[in-house]
Protein chains: 2
Amino acid sequence: MYRTHTCGELRLSNAGASVTLAGWVQRTRRMGGMTFADLRDRYGITQLVFSEEADSSLNEAAQKLGREYVIQVTGQVRERESKNKNLPTGEIEIVVKELRVLNESVTPPFTIEDETDGGDDLRMKYRYLDLRRQVVRKNLELRHEMAFKVRKYLSERNFLEIETPVLIGSTPEGARDFVVPSRMNPGQFYALPQSPQTLKQLLMVAGMDRYFQIVKCFRDEDLRADRQPEFTQIDCEMSFIEQEDILEVFEGLMKSLFADLRGIEMKEQFQRMTWADAMKYYGSDKPDLRFGMPFVEVMDIMQGHGFSVFDGAKYVGGICAKGAATYTRKQLDQLTDYVKRPQIGAKGLVYARVEADGNVKSSVDKFYDQATLQQLKAKMGAEAGDLILLMSGDDAMKTRKQLCELRLEMGNQLGLRDKNKFACLWVVDFPMYEWSEEEGRLMAMHHPFTSPKLEDVPMLDTDPASVRANAYDMVINGVEVGGGSIRIHDAQLQAKIFKILGFTPEKAQEQFGFLMNAFKYGAPPHGGLAFGLDRLVSLFAGLDSIRDCIAFPKNNSGRDVMLDAPAALDQKQLDELMLVSTAKKD
Amino acid sequence: MYRTHTCGELRLSNAGASVTLAGWVQRTRRMGGMTFADLRDRYGITQLVFSEEADSSLNEAAQKLGREYVIQVTGQVRERESKNKNLPTGEIEIVVKELRVLNESVTPPFTIEDETDGGDDLRMKYRYLDLRRQVVRKNLELRHEMAFKVRKYLSERNFLEIETPVLIGSTPEGARDFVVPSRMNPGQFYALPQSPQTLKQLLMVAGMDRYFQIVKCFRDEDLRADRQPEFTQIDCEMSFIEQEDILEVFEGLMKSLFADLRGIEMKEQFQRMTWADAMKYYGSDKPDLRFGMPFVEVMDIMQGHGFSVFDGAKYVGGICAKGAATYTRKQLDQLTDYVKRPQIGAKGLVYARVEADGNVKSSVDKFYDQATLQQLKAKMGAEAGDLILLMSGDDAMKTRKQLCELRLEMGNQLGLRDKNKFACLWVVDFPMYEWSEEEGRLMAMHHPFTSPKLEDVPMLDTDPASVRANAYDMVINGVEVGGGSIRIHDAQLQAKIFKILGFTPEKAQEQFGFLMNAFKYGAPPHGGLAFGLDRLVSLFAGLDSIRDCIAFPKNNSGRDVMLDAPAALDQKQLDELMLVSTAKKD
């Protein structure tokens, strides 16, 4: 062992002790005949002192230490004269007697500080230096702790962590698979799992009763911001349970994580909201409930007054922004520009201020008398000082989604989206299907194994688009952190669902034959869910991106710039795989 | 919830309680007007009783239950008349009041019993049924427990579990990589990691201090018995430590696993043996020390007596099998045949029995007088009733390996390799290099980042083949369960090692440039090791194969016969990847 203590360990009570520390030189500075160095390791920073007077050659050696040199020192712990209250070790320093340089360092390409001068690309290329920064390191520490606590919670509740294979078969349905050519089976390919969905269902058929796994999953998608080609799920499944049991177990898990990792005791049951209500009141299946500002529909009040934009609309609705009547014309114009951006695509925005005397002044006053506006005010629950913002459109769902963006922006502007406040919610009763314009057919909203609500089963034949599923998402602060469903365990019902999804019996057999076959041998009722670990950690850490809670993330082109992967293969490797690449060489 | 209790939970103290259970029908039997059914779930088996008298239609329904039907029953717990002491629930039964068939089952292709009539192939194809068997399931339960306890032990010692990427770059050195074509970077490939070796070293450079990960690794090798293309490692690395620290931490881990999972307290320090001694005395770098029978070299005694086989040999040595003088001529011939098998390739075997009166009778008596044989007896430590077995050859190492096989076989025959006895050992001081006939050069015995022993560094220039490494293996019962080394943290020494391994500076840069570059920025002294989880579980479970501690293993052709993977891809998928397969279609 190169040390007796870590750099985060020594306190005033250790004064007088002879210690050996090892770590990285954060910085050095000279003061008169003294040299001070901050020695850093994962556990903290400890101040080292060298003095000209006591040992001039040692002091000289200390002055030669560069940033990020790896050194070992032996010395005596001493109470500091000027204490640093920001450091746990700030009351002491080490009077160094021996210094050994374990490794030198060339000058790092950016500063190893909480606030660094390194840009994103540079930090990723030198990720091993970036990870030395406390702000990045603590995310990985949090991730470790969260994963461990999840395992502990679930293990205590009889869940078994079972590893499912990474080299499985490809399923053309859904997102694109990463594939792996098999050398021993030329012309054939494995696929990397997008999730262990079917495997965990097989584990339920196998009688494993309660399964979980913290597991890497893979999706070869064009990477939008904040997606990674490989990501980690907390994947769970239970047998002989109903939806309520799942919600209870995993709400409990989340509460225990908040208590253990953030010190937040959540005593109340998580709010529950149907998908239909979430869409109606927040225009989103993952509403951010850190603040209210629900949508209010005002067709009854605002139509029929000659304002053609509203009169011709299928939907007129809005939000009431408390205390925002002070918004200037300029701010309101900026809001209008915001919703008109192509990403949102609204036509415009109508606003109405409730003035101090209770009167309402709107941007469309020429169409509405004060009596109507007072009706509006009442329905919106607006009071003096509030700002009412209205939107309208031909397509109610589309308009709600635009209004959702406006609501979130107002939440930001009014400071209602505090990263240290957490609003947890279950969204339930998702529709079984959603219409895909692209495919021209109904698609499974979750996946084809999701069970319909018992009372909606008769509608499968008459009105499949209205059938609700036993599916649920956990939403925190507008982020879908997890989701799942009760599965179909009945082979006949499964066959019917496949048919509605447009699978021929042959295609269903080809793709999911192994699962359908397994279900013939006594499948128990079962269901589960999966959390996105990356997302959960970044939420707990208050990060804007999942990238900083991943040790070695990939960039938006799916590249690891540190490893310089992917890369061209040796021809020999391709030959062994019996593959020819038709891509142009650079 | 479909149940109030599991099938393993009810005891005599629950008698009188009304309960609901759910599970699989293990078997039913009729007795007079009664029907008994064994209901099974992961937690146990509970007996159900139906009676003609109490409810004839219910009894009739019970008689229709087939094997592996999934049912839910409600009834009353009652003390059994004839108790079953082999079952934890054997003192009670459930008098069923309500029966609900949750799912039927077709007849399974093999019996779901500890001793099944299903062959290996059938069991793998229907692995979800095989996993219902208690003997298989308990291996997965053990695996879960072991993984959790490893995490707990390491977390308590400041190790952080850090996920390293699965999609990395290919390294032509070493075993063959599985590769993954990149669609977003056409013509380029990721590789799946054979181990996170370089990544964990980067984490040490990153100051993570103590890392571990229970992680899938991948090797595209031709599969010998008991290898899997994907396998799981407990991968560990530490900074600012020496070899002794690593041995201490991980010996502690192993002892805690034995105590927790097998109830075995190991108080003594694990035995340590140099690689040279292991080869000399056991002909193996992973000796099985559940029994002694070390090799004794007897060139001094046995050469020069006119027995040309020995006289011309570079090595003459043997083992003393206690109490085996009773071996018949037939048994000895079988032993001779055993070592002459092509897999072992010995020329023959000389034996000498120590008779009750202390005289030695050997198969080469015509060359040796009794005085010489008495010398042999003394050197071998043989006593009356023992059997001495001698082998010889031109190549000492080769002969030792043959003698190793003989020793293990004698251990088997004499019942000295008890699966419930564990002999733990550290093999240390491995050579840095081994000569590869195939490559015609020295190869790294561990990997190119292993550090040489400080005192052997001068020999790097003069006699590299004699240089010992700071490398160590943990061996239990003749199985290498883990191994590792102290790494090189000095860029100059690393460059020298690469040179000895025949890497040009350019090739070293190309393959390991990212690591060598990282080492310029202050790499700490570090080292680590990795355990094979599959192997460790199978050792603790007393299994002959690692397959039964893996939920969904692959066969010797690398196929998952349950999923039928790998398989041909859709042409569309290949086109997107810009790949053409030159393999012939079936």
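A brief structural summary. (Residues numbered from 1 in each chain as written. Chains lettered and ligands numbered in written order. Predicted model: local features only at pLDDT ≥ 70, side-chain atom pairs only at ≥ 80, totals over all residues. Heavy atoms only, no water.)

## Describing the packing of aromatic side chains
For the structure shown, the criterion picks out 39 aromatic pairs over all chains. With 4.4 Å between their ring centres and 25° between their planes, F258 of chain A and F540 of chain A make a pair best called stacked. Of this pair, F258 of chain A sits in helix α6 (residues 243-262) while F540 of chain A sits in helix α16 (residues 533-541), and the two are 282 residues apart along the sequence. Residue class for F540 of chain A comes out buried when judged on its relative accessible area of 2%. Put simply, the rings of F307, F310, F367 and Y368 of chain A pair up and form one aromatic cluster. Over the face of the ring belonging to Y126 of chain B we find K125 of chain B, whose NZ or CZ atom lies 5.8 Å from the ring centre. The ring of Y153 of chain B has R157 of chain B sitting right over it, with the charged end atom 3.6 Å from the ring centre. (Phe/Tyr/Trp six-rings, centres within 6.5 Å; stacked < 30°, edge-to-face > 60°. Helix = DSSP H or I, 4+ residues; strand = E, 2+ residues; numbered from the N terminus. Buried < 20%, exposed > 50% of the residue type's maximum accessible area, 1.4 Å probe, protein only. Lys NZ or Arg CZ within 6 Å of the ring centre and 35° of its normal.)

## As for empty space enclosed by the protein
Summed over all chains, the structure comprises 13 cavities of 30 Å³ or more. Lining of the largest cavity is provided by 30 residues; of these, I214 and V215 of chain A together with R151, I214 and V215 of chain B occupy positions nearest its centre. Breaking the lining of the largest cavity down by element, the ones donating at least two residues are α4 (134-156) and β9 (210-218) of chain A together with α4 (134-156) and β9 (210-218) of chain B. Per-class residue counts for the lining of the largest cavity are 12 nonpolar, eight polar and 10 charged. (1 Å grid on protein atoms, 1.4 Å probe; cavity = no way out; pocket = protein on both sides within 12 Å on 5 of 7 lines; lining within 4 Å. Points joined across faces, edges and corners; volume = space filled by probe spheres on them. Nonpolar A, V, L, I, M, F, W, Y, C, P; charged D, E, K, R; others polar.)

## Concerning the state of the cysteines
By definition, a disulfide links two cysteine residues through a covalent bond between their sulfur atoms. Residues and elements named next belong to chain A. Enumeration over the complete set of coordinates arrives at zero disulfides over all chains. You can see C236 has no disulfide; the closest cysteine sulfur is in C217, sitting 12 Å from it. Look at C236 and you get buried, because its relative accessible area is 0%. Its sulfur unpaired, C549 is 15 Å from the next cysteine sulfur, which belongs to C217. (Disulfide = S-S within 2.5 Å.)

## Considering the relation of the copies chain B and chain A
Superposing chain B onto chain A takes a rotation of 180° combined with a translation of 0.0 Å along the rotation axis, leaving an RMSD of 0.1 Å. The two molecules are tied by a two-fold rotation axis, judged by turn and shift. Comparing contact sets, 100% of the residues at the interface of chain B also lie at the interface in chain A, consistent with an isologous, same-surface contact. (Least-squares fit on C-alpha atoms with pLDDT ≥ 70 in both. Contact = heavy atoms within 4.5 Å.)

## A look at the interface of chain B and chain A
With 123 residues of chain B at the contact, the number on the chain A side is 123 residues. With both chains or domains summed, chain B and chain A bury close to 11,000 Å², and 61% of this area falls on carbon and sulfur atoms. Together, E163, F240 and Y521 of chain B form the three largest contributors to the area buried by chain B at its contact with chain A, with a combined 8%. Seen at the junction of chain B and chain A, the total is 12 salt bridges. The partner of E161 of chain B in a salt bridge is R151 of chain A, and the shortest N-O contact between them spans 3.5 Å. On inspection of chain B and its partner chain A, the count reaches 71 residue pairs in polar contact (both at pLDDT 80 or more). (Buried area = accessible area lost by both parts, 1.4 Å probe. Salt bridge = Lys/Arg side-chain N within 4 Å of Asp/Glu carboxyl O. Polar contact = N/O pair within 3.5 Å; in protein donor to acceptor, adjacent residues only side chain to side chain.)

## Thoughts on the nonpolar core
Core analysis: the biggest nonpolar cluster contains 57 residues, and Y128, L131 and F552 of chain A together with I162, L202, L203 and M208 of chain B have the highest contact counts within it. Listing elements by their share of this core, those giving two or more residues are α3 (127-130) and α4 of chain A together with α5 (197-205), α7 (275-282), β17 (424-428), β20 (471-476), α14 (491-500) and α15 (505-518) of chain B. Excluding residues that lie within four positions of it along the chain, L131 of chain A makes contacts with V136, R137, L140, A551 and F552 of chain A together with L203, A206 and M208 of chain B. Of all hydrophobic cores here, the second largest spans 56 residues; its members include Y282, F430 and F449 of chain A together with A551 of chain B. (Core = buried A, V, L, I, M, F, W, Y, C linked by side-chain atoms within 4.5 Å.)

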